[in-house]
Amino acid sequence: MKKEDVPQDAGKLGGLLELAYVVSASGAYTTVQSSGWVAKNVANDLVWEELGRHQETALREVKEGLKSPLAYHMVRFQMNEEMLADYTRFSRRKIRRHLTPDGFRALEPDDLRRYADSFNIKVDELCTTP
Amino acid sequence: MHDPVNEIVLPFEHRQSAHCESGVTANLFRQAGVPLTEPLAFGIGSGLFFFHKPFIKMGGYPLTAFRYLPGHVFRRAAKLLGIPVCAKQYRDPGLAMADLDRFLASGRPVGLQVGVYWLPYFPPALRFHFNAHNLVVYGKRGDDYLISDPTLDVPVVCSSAALRKARFAKGIMAPRGCLYYPDKIPPAIDIPLAIRRGILKTCSRMVDIPMPFLGVRGIRYLASSVRKWPKKLNERDARLQLAQVIRMQEEIGTGGAGFRFLFGAFLQEAAPLLGMPALAGMSVEITAIGDVWREVALRSARLCKQRPVAGDDYDSIAGLLLQCADREEQFFKDLKGLCA
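Basis of the calculations
- The written sequence of each chain sets the order in which its residues are numbered from 1.
- In the order they appear in the text, chains get letters beginning with A and ligands get numbers beginning with 1.
- A pLDDT threshold of at least 70 governs which residues receive local features in this predicted model, and a stricter bar of 80 or more applies before side-chain atom pairs are shown or counted, although totals over entire chains, interfaces and linings include all residues.
- Each domain's extent is set by a domain assignment, obtained either automatically or from a database.
- This entry defines residue contacts through backbone-placed C-beta atoms, with two residues in contact when those atoms are within 7 Å.
- Strands are runs of DSSP state E lasting at least two residues, helices are runs of H or I lasting at least four, and both sets are numbered from the N terminus onward.
- Buried residues are those with 20 or more other C-beta atoms within 10 Å of their own C-beta, exposed residues have 12 or fewer, and partly exposed residues lie in between; C-beta atoms are placed from the backbone.
- Pairing between two strands is assigned when DSSP locates at least 2 bridges connecting them.

### Here's the deal with the domain arrangement of chain B
Much of the literature gives interface size as the accessible area that the parts lose upon coming together.
Residue and element names in this part refer to chain B.
Turning to step 1, where the next piece is worked out: Taken domain by domain, chain B holds domain 1 (4–182) and domain 2 (193–339).
Turning to step 2, where the next piece is worked out: Counting residues at the interface gives 28 residues for domain 1 and 33 residues for domain 2.
Turning to step 3, where the next piece is worked out: Of all the secondary structure elements, the ones that give two or more residues to the side of domain 1 that touches domain 2 are helix H2 (38–44), strand E2 (48–58), strand E3 (61–67) and helix H3 (72–81).

Here it is, written out as structure tokens:
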């Protein structure tokens, strides 16, 4: 990539400038800061849109009483059962139970705290959805 | 609040880099007195690689990577330069944080492997569960750590609670509090020899591993996967797969075109150090290949956005990937011949 071709397409990186290795007119490598590239922004936007969709689906399932609020927060924090098991040290079987409204209602305060701590949120927030 | 008793600021030169790990490696070594730049650290540490493994999922997508395993650049560069390193992992987060404080108190900046997701200074758009990020801690002020994150242009601070969470992020490639630093710098370091060995390792990984997922074979494998996506997946999922490849190739930390430009910079820098002008010519070729990779990303992006221009389809992207694979195969064979 030539120095004059370095894209400056600011995306959602919030003003973060990254370093690009580019070739100057003399053929020597140098570095230039770049605020982003449209190709990458498109990819990122699509991935975030997909994550948003997952969240909406999870939220709807919680509202319809099919799943517990934990299911929504799991998706919101981009986790799956396996990762949540890693964070909380609950078995996946237990987690699957806690993802149902009945299983979640039966949780002890200590267990709720384990989930809340894993997400870095308060227990109150864990028990509600927007 | 300013409390001098609770403040440690070690001298540390923050230099922004494209790739977190080669940046941390170069910055730590330079601080210890070894004159390394980011491209040299990357090249000696054999950071460049390619693999595409559809059955290892990261965030639900097949893993496509343009680099070798996390932690490898630092360890490998140290090994080839003959520098003993100390690297530790911890079971107990409390102990891990206490140890960090101890190192800072003894005047030693250290590198950490962390999960990006829990780092508060990253923009929200970059918060993914990616656990192989690297940074240097060079001080502490009250409850905040002073951090040189080489992907940023300036040093930042991070609360101890957040850093603790980031050091003990869970999931694939969990850092488990990993902390590392170069131990004792030997009196004589043979940088040219290390460069040569770094190049040879990179070459043999790219062309000599007889596995379909690795090196140039991996690029061909990705090409054949790309061809199948529109038939195998629904339209949206196919686009998401492409988006994932673009992100791995261009997302912050590769220096552009999946590290190919960083490697080009390395070869150019190595040429005079080894007295081998031919390496500068090789640098031109890998740069040209990097430009083809960028074309892959651009075309993929147009498909992702459903704004294709004439000739944009999955087959044409696969064709470009095969072109990359063929050229890289020739490139690494030639490079190996030059340095053997």
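### Topic: the pairing of strand E9 (residues 179–182) of chain B
All names here are of chain B.
Turning to step 1, where the next piece is worked out: Neither face of E9 is open: one carries Leu-179 and Tyr-181, the other Tyr-180 and Pro-182, and all of them are buried.
Turning to step 2, where the next piece is worked out: For strand E4 (residues 85–88) and E9, the ladder comprises 4 bridges, and the chain directions are antiparallel. The residue bridging Cys-86 from the neighbouring strand is Tyr-181, located in E9.
Turning to step 3, where the next piece is worked out: Pairing between strand E5 (residues 110–114) and E9: 2 bridges, direction antiparallel. Its bridge partner lying in E9, Gly-111 is registered against Tyr-180.

### Details of unusual backbone geometry
All names here are of chain B.
Turning to step 1, where the next piece is worked out: The backbone of Met-173 sits at a positive phi, close to 60°, despite the residue not being glycine.
Turning to step 2, where the next piece is worked out: Mapped onto the elements of the fold, Met-173 is located in the loop between helix H5 (160–167) and E9.
Turning to step 3, where the next piece is worked out: The class for Met-173 is partly exposed, based on 16 C-beta atoms found within 10 Å.
Turning to step 4, where the next piece is worked out: Unusually for a residue other than glycine, Arg-176 sits at a positive phi of about 45°.
Turning to step 5, where the next piece is worked out: Topologically, Arg-176 is positioned in the loop between H5 and E9.

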